[in-house]
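Okay, here's what each chain looks like letter by letter:
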Amino acid sequence: MIRLIFLGAPGSGKGTQAKRLAQKFDLDHISTGDILRDAIKAQTQLGKMARTFMDAGELVPDNVVLGMIKEELTKRCKGFIFDGFPRTMAQAEGLDKILKELGIQISSVVNLEIADSLIVKRLEARRLCRNCGQEYNLETKPPKVEGVCDLCGGELYKRPDDTPEVIVNRLSVYHQKTRPIEEFYRSRGLLVQIDGSRGFDEVSDSIEAVVEKNDSV
Ligand code: AMP
């Protein structure tokens, strides 16, 4: 069964790629960022607590995120893609424990590599549909009508954490806390490096090649 982890900085394109891949291969797309944003929208206890961290570009505490993941995994019976998780060594180690308890294994860890300068440009130009979640980029993939989603006519918005100051903080958190995980998975032979600075289709093809290889073993 295909069970993937997508690593990469915010703005590396992992969310959009994960969504597309999940659709094509009928996998569950488990995005901790999406789960937390849904909790904020629904004004739950979790959402209220997570909001202060997210607005500042800080990470939500490990025990909270691991609790969410455990709940998600016990509901799942098909393959999945983790998008935005794990983000710290403690989360990677916590995930290992949960997987052992469930008797399952990760097939591959895809790491989308991209320079910080490109990330800042991408995130500042990113817009999302409030209604269907479709992603746009004002420079490389603008909507046909300004501020309106091509697919559903919904309103486009800029994520509150896509502002220059918060982006700088998210990147620094990423380098400090998330990058060390790469070595954790490399030493287990699971890490696959992919150049995320190329066009969407080229990156998709490289990721699909990884999935097809996993699927055939
Ligand atoms: P994302 O949509 O993946 O860019 O996540 C947006 C924000 O949600 C992050 O900046 C964090 O504040 C929070 N978040 C998402 N995933 C995690 C995680 N695995 N651990 C801690 N915080 C997270």
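Residues numbered from 1 in each chain as written. Predicted model: local features only at pLDDT ≥ 70, side-chain atom pairs only at ≥ 80, totals over all residues. Heavy atoms only, no water.

Draft legend 1. Representation of the state of the cysteines within the structure. Under the counting rule described, the total for this entry stands at zero disulfides. Just so you know, Cys129 is unpaired, no disulfide at all, and the nearest cysteine sulfur is the one on Cys152, 3.5 Å from it. In this structure Cys132 is not part of a disulfide, and its nearest cysteine sulfur, from Cys149, lies 3.8 Å away. (Disulfide = S-S within 2.5 Å.)

Draft legend 2. Inspection of the site of the ligand at higher detail. In the vicinity of the ligand there are 16 residues, among which Thr32, Arg37, Glu58, Gly84 and Gln91 approach most closely. Take Thr32: an N or O atom from its side chain is 2.8 Å from a nitrogen atom of the ligand. Alone, the ligand offers 480 Å² of accessible surface; in the complex the protein occludes 96% of this. When the residues that make up the shell around the ligand are grouped by side-chain class, the tally is six nonpolar, four polar and six charged. (Near = heavy atom within 4 Å. Polar contact = N/O pair within 3.5 Å; in protein donor to acceptor, adjacent residues only side chain to side chain. Areas by Shrake-Rupley, 256 points an atom, 1.4 Å probe, with all protein chains shown as cover. Nonpolar A, V, L, I, M, F, W, Y, C, P; charged D, E, K, R; others polar.)

Draft legend 3. Quick look at a negative patch on the surface. Taken together, the side chains of Glu113, Asp195, Asp201, Glu202 and Asp205 present a region of like negative charge at the surface. The element best represented in the negative patch is helix α9 (residues 200–215), accounting for three residues. Inspection of the secondary structure puts Asp205 in helix α9. For Asp205, a relative accessible area of 52% corresponds to the exposed category. (Patch = residues over 30% accessible without salt bridge, like charges linked within 9 Å, V, L, I, M, F, W, Y side chains within 5 Å. Salt bridge = Lys/Arg side-chain N within 4 Å of Asp/Glu carboxyl O. Lys, Arg positive; Asp, Glu negative; His and termini not counted. Charge placed at Lys NZ, Arg CZ, Asp CG, Glu CD. Helix = DSSP H or I, 4+ residues; strand = E, 2+ residues; numbered from the N terminus. Buried < 20%, exposed > 50% of the residue type's maximum accessible area, 1.4 Å probe, protein only.)

Draft legend 4. Looking closely at the packing of helix α4 (residues 62–75) against helix α5 (residues 89–102). Where α4 contacts α5, the two axes come as close as 10 Å, and the packing angle between them is 30 degrees. The angle between α4 and α5 places the two elements in the roughly parallel class. Pair α4 / α5 crosses with right-handed handedness. Residue-level contacts link Asp62, Val65, Leu66, Ile69, Lys70, Leu73 and Thr74 of α4 to Ala90, Gln91, Gly94, Leu95, Ile98, Leu99, Glu101 and Leu102 of α5. (Axes fitted to C-alpha atoms, helices over the stretch in contact; angles between N-to-C directions. Parallel < 35°, antiparallel > 145°, perpendicular 65-115°, else oblique. Left-handed = near helix turned anticlockwise from the far one by under 90°. Contact = heavy atoms within 4.5 Å.)

Draft legend 5. Expanded view of the sheet that holds strand β8 (residues 191–195). If you trace the five strands from one edge of the open sheet to the other, you get β2-β3-β1-β4-β8, paired in parallel fashion. This sheet does not close on itself; its edge strands, each paired only once, are β2 (28–31) and β8. Direction aside, the axes of adjacent strands within the sheet are offset by 20 degrees on average. Pairing analysis gives five bridges linking strand β1 (residues 3–8) to strand β4 (residues 108–113), with the strands arranged parallel. Residue pairing for β4: Gly8 is matched across the bridge by Leu112. Helix α2 (residues 32–41) rests against β2 and β3 (80–83) of the sheet, and its axis sits at about 70 degrees to β2. (Pairing = 2+ DSSP bridges.)

Draft legend 6. Focus on the environment of Ile98. If you trace the backbone, Ile98 turns up in helix α5. On the basis of relative accessibility, which here comes to 7%, the residue Ile98 falls in the buried class. A sequence separation of 90 residues divides Ile98 from Gly8, and the C-alpha atoms of the two residues are 22 Å apart.

Draft legend 7. Seen up close, the pattern of salt bridges. Applying the stated criterion to the full structure yields 16 salt bridges. Two residues, Glu208 and Lys24, come together in a salt bridge whose shortest N-O distance is 3.1 Å. Within this pair, whereas Glu208 is found in helix α9, its partner Lys24 is found in helix α1 (residues 14–25), the two being separated by 184 residues in sequence. For Glu208, a relative accessible area of 9% corresponds to the buried category. Between Arg130 and Glu155 there is a salt bridge whose closest N-O contact spans 3.2 Å. A residue pair is termed long-range when its members are at least 10 positions apart, and Arg130 in the loop between β5 (126–129) and β6 (135–137) and Glu155 in the loop between β6 and β7 (156–157) qualify at 25 residues. Residue classification places Arg130 among the partly exposed positions, given a relative accessible area of 45%. Bridged by salt links that share partners, the residues Arg126, Glu135, Arg159, Asp161, Asp162 and Arg170 form one connected network.

Read these as layout, nothing more, since geometry by itself doesn't imply function.
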